[in-house]
Amino acid sequence: MKLIEIILIIIAFFLGIGVLIHICSKNKYEFKYSSPKRKIEIYPTDKSHTN
């Protein structure tokens, strides 16, 4: 039973990230994830934004 819970949590996590990316791209926002500090940035798509 514990394995099923872990699998469901992983599926929910990836579905949530997928929905977030879909909403961001639909509304012309960009989604940036950097791993060392687990920093997530969401900002409007704009050429003046420095990466």
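Structure report, in brief. Bear in mind that the values here come from a model prediction, so they are computed numbers and not experimental data.

Points about the overall build of the protein chain
Secondary structure assignment for the protein chain yields one helix and two strands. Against the compact-globule benchmark of 10 Å for 51 residues, the protein chain has a radius of gyration of 15 Å, which places it well outside the compact range. Classification of the 51 residues of the protein chain by burial places 4% in the buried group. Only carbon and sulfur atoms are counted for the fraction: they give 66% of the accessible area of the protein chain, which is about 4900 Å². The positive charge centre, built from 8 side chains, and the negative charge centre, built from 4, are 2 Å apart in the protein chain.

Quick word on a nonpolar patch on the surface
A grouping of Met-1, Leu-3, Ile-4, Ile-7, Leu-8, Ile-11 and Leu-15 is seen on the molecular surface, where their side chains present a nonpolar patch of about 770 Å² in accessible area. Mapped onto the fold, Ile-4 is located in helix α1 (residues 2-26).

Calculation rules
Residues numbered from 1 in each chain as written. Predicted model: local features only at pLDDT ≥ 70, side-chain atom pairs only at ≥ 80, totals over all residues. Heavy atoms only, no water. Helix = DSSP H or I, 4+ residues; strand = E, 2+ residues; numbered from the N terminus. Rg over C-alpha atoms; globule rule 2.2 N^0.38 Å. Buried < 20%, exposed > 50% of the residue type's maximum accessible area, 1.4 Å probe, protein only. Areas by Shrake-Rupley, 256 points an atom, 1.4 Å probe, with all protein chains shown as cover. Lys, Arg positive; Asp, Glu negative; His and termini not counted. Charge placed at Lys NZ, Arg CZ, Asp CG, Glu CD. Patch = residues over 30% accessible without salt bridge, like charges linked within 9 Å, V, L, I, M, F, W, Y side chains within 5 Å. Salt bridge = Lys/Arg side-chain N within 4 Å of Asp/Glu carboxyl O.

Honestly, it's all geometry; don't read function into it.
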